[in-house]
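Descriptive analysis of the structure
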Amino acid sequence: MQYMLGDSILVAPIFNKEGHAEYYLPAGKWTHLLSGEVKEGGRWYEEDYDFSSLPVFVRENTLLPIGAVDTTVDYELEKDVQIQVYEVNETASCEVVTRKGETAFTVKAVREGNKLTLEASAENGGMTYLLRNIHEIADVTGGSIVKDTENGIIIVPEGCRQEIEL
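Rules used in this analysis
- Residues numbered from 1 in each chain as written.
- Predicted model: local features only at pLDDT ≥ 70, side-chain atom pairs only at ≥ 80, totals over all residues.
- Heavy atoms only, no water.
- Pairing = 2+ DSSP bridges.
- Helix = DSSP H or I, 4+ residues; strand = E, 2+ residues; numbered from the N terminus.
- Polar contact = N/O pair within 3.5 Å; in protein donor to acceptor, adjacent residues only side chain to side chain.
- Contact = heavy atoms within 4.5 Å.
- Patch = residues over 30% accessible without salt bridge, like charges linked within 9 Å, V, L, I, M, F, W, Y side chains within 5 Å.
- Areas by Shrake-Rupley, 256 points an atom, 1.4 Å probe, with all protein chains shown as cover.
- Salt bridge = Lys/Arg side-chain N within 4 Å of Asp/Glu carboxyl O.
- Lys, Arg positive; Asp, Glu negative; His and termini not counted.
- Charge placed at Lys NZ, Arg CZ, Asp CG, Glu CD.
- Buried < 20%, exposed > 50% of the residue type's maximum accessible area, 1.4 Å probe, protein only.
- Phe/Tyr/Trp six-rings, centres within 6.5 Å; stacked < 30°, edge-to-face > 60°.
- Lys NZ or Arg CZ within 6 Å of the ring centre and 35° of its normal.

In this section: the pairing of strand β11 (residues 103–112). The pairing of strand β10 (residues 91–97) with β11 spans seven bridges and is classified as antiparallel. Within the sheet, the bridge partner assigned to A92 lies in β11 and is A109. What sits between the antiparallel neighbours β10 and β11 is a turn of five residues, in which G101 has the positive phi angle 85°. The sheet contact formed by β11 and strand β12 (residues 115–120) spans six bridges and is antiparallel. Of the residues in β12, the one forming a bridge with V107 is A120. Between β11 and β12, which pair antiparallel one after the other, the connecting turn spans two residues, and G113 there sits at a positive phi close to 60°.

By secondary structure assignment, the location of Q84 is in strand β9 (residues 82–86). Looking at Q84, its side chain comes within polar contact range of the side chain of Y86, at 2.7 Å. Beyond its immediate stretch of four places on either side in the chain, Q84 contacts L33, T62, L63, L64, I66, L130 and R132.

On the surface, a cluster of negative charge is made up of E18, E22, E46 and D48. Positionally, E46 belongs in strand β6 (residues 43–48). E46 gets classed as exposed once you look at its relative accessible area, which sits at 54%.

We now examine the packing of aromatic side chains. For the structure shown, the criterion picks out three aromatic pairs. Each residue in the set Y23, Y45 and F57 is aromatic and connected to the rest through ring pairs, giving one cluster. It is R43 that lies over the ring of Y45; its NZ or CZ is 4.1 Å from the centre.

For V96, the location among the structural elements is in strand β10. Separated by 32 residues in sequence, V96 and L64 place their C-alpha atoms 9.2 Å apart. Filtering out sequence-adjacent residues up to four positions away, V96 remains in contact with P65, L77, E78, V81, I83, E102, T103, A104 and F105.

Fair warning: the whole summary comes from geometry, so function is off the table for now.
The following block contains the structure:
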């Protein structure tokens, strides 16, 4: 009663009015898309949810593009996109596509020790990065910190490459 939405998102729909969910997270670290709660995989979970949430988890080592518009599905997906960075421990990448399904640009993340490098294949005005569940960084080269939110630090890139000391 659960499924993978692509390679990195696990969804466990709730089919009862009590909001009770039972789901299995595969091995690794998983972050709840809405709450930011991190769970260890390789085990079953039982939880109760209200009407405004459900078990939707993002796998570690994921770059997840989130569009800027939440009132319609018909907009320029690549404009003002936020790339959410989920616990990169090696390399991760994603494609940001246009409404026609063409690749607008790609983003790659590489982690080496305490250094996280983010690189986009093209400059994209309005794009931001959200470092999920990271609330302290030592330094940013090629970008600037906008603010620390409850979900993590938001960085605005200045060019195609950013180096972040964690």
